[in-house]
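# Structural features, examined
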Amino acid sequence: MNPKPGHAALRKGRVSIEGQVYLVTTTTLERQPFFADFRAAQSAAQAFEDKAVLADAKLLAWVLMPDHFHGLLQLDGKTSLQNIMNRLKSASARRANQVMQREGPLWSRAYHDHALRQEEDLLETARYIVANPMRARSVRRVGDYPFWNAIWLPTP
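Anyway, here's the lowdown on the structure attached to this text. Computed from a predicted model, the values in this text were never measured in an experiment. (Residues numbered from 1 in each chain as written. Predicted model: local features only at pLDDT ≥ 70, side-chain atom pairs only at ≥ 80, totals over all residues. Heavy atoms only, no water.)

### Some points on the pattern of salt bridges
Under the definition given, this model contains five salt bridges. Notably, a salt bridge pairs Lys78 with Asp56, separated by 3.2 Å at the nearest N-O pair. Placement of Lys78 in the loop between β3 (68–74) and α4 (81–100) and of Asp56 in the loop between α3 (51–54) and β2 (58–65) is noted, with a sequence separation of 22 residues between them. Between Glu120 and Arg117 there is a salt bridge, with its nearest N and O atoms 3.9 Å apart. In this structure Glu120 comes out as partly exposed when scored by relative accessible area, which is 24%. (Salt bridge = Lys/Arg side-chain N within 4 Å of Asp/Glu carboxyl O. Helix = DSSP H or I, 4+ residues; strand = E, 2+ residues; numbered from the N terminus. Buried < 20%, exposed > 50% of the residue type's maximum accessible area, 1.4 Å probe, protein only.)

In structure tokens form, the structure reads like this:
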């Protein structure tokens, strides 16, 4: 499958910088709402919390919507942004496909990334990410949506 025109432009000038925080977004294949299936979303979400998948990178905040994913990803300098995104998409697709009893691609090949500038507020960007279900009118409160996380939450 060939990426749509313009996807090559997403890769143009892409660099991986140690310690850099990136806002990343990727969509499902043809924007199919695979993650409207609770079990598929639950399985995919486990990949986003898996340290083996992330290597030494950190997923500071993320949300999984029925047809896309937003994340705030900090690189460690050892693994490229492209490599981490490939690992996240592969692991989440493998897990979701297993519970949906399907095979094949689940994510679109491309993803969008934005390196946060020093003056951009990290917490504000994280709030924007996790509030995505409210803006989509899926829930009234962030806490009512099950498929998100942020490192600023207290651990039990």
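Having seen the structure, we can now continue with the description.
### Focus on the sheet that holds strand β1 (residues 21–27)
Ordered in space as β4-β1-β3-β2-β5, the five strands form an open sheet in which the pairing is antiparallel. Single-partner strands in this sheet number two, and they are β4 (112–115) and β5 (148–150). Strand after strand, the sheet turns through a mean of 15 degrees between neighbouring axes, direction not considered. Where β2 and β5 come together, three bridges link them in antiparallel fashion. Looking across to β5, one finds that Ala61 is bridged to Ala150. (Pairing = 2+ DSSP bridges. Axes fitted to C-alpha atoms, helices over the stretch in contact; angles between N-to-C directions.)

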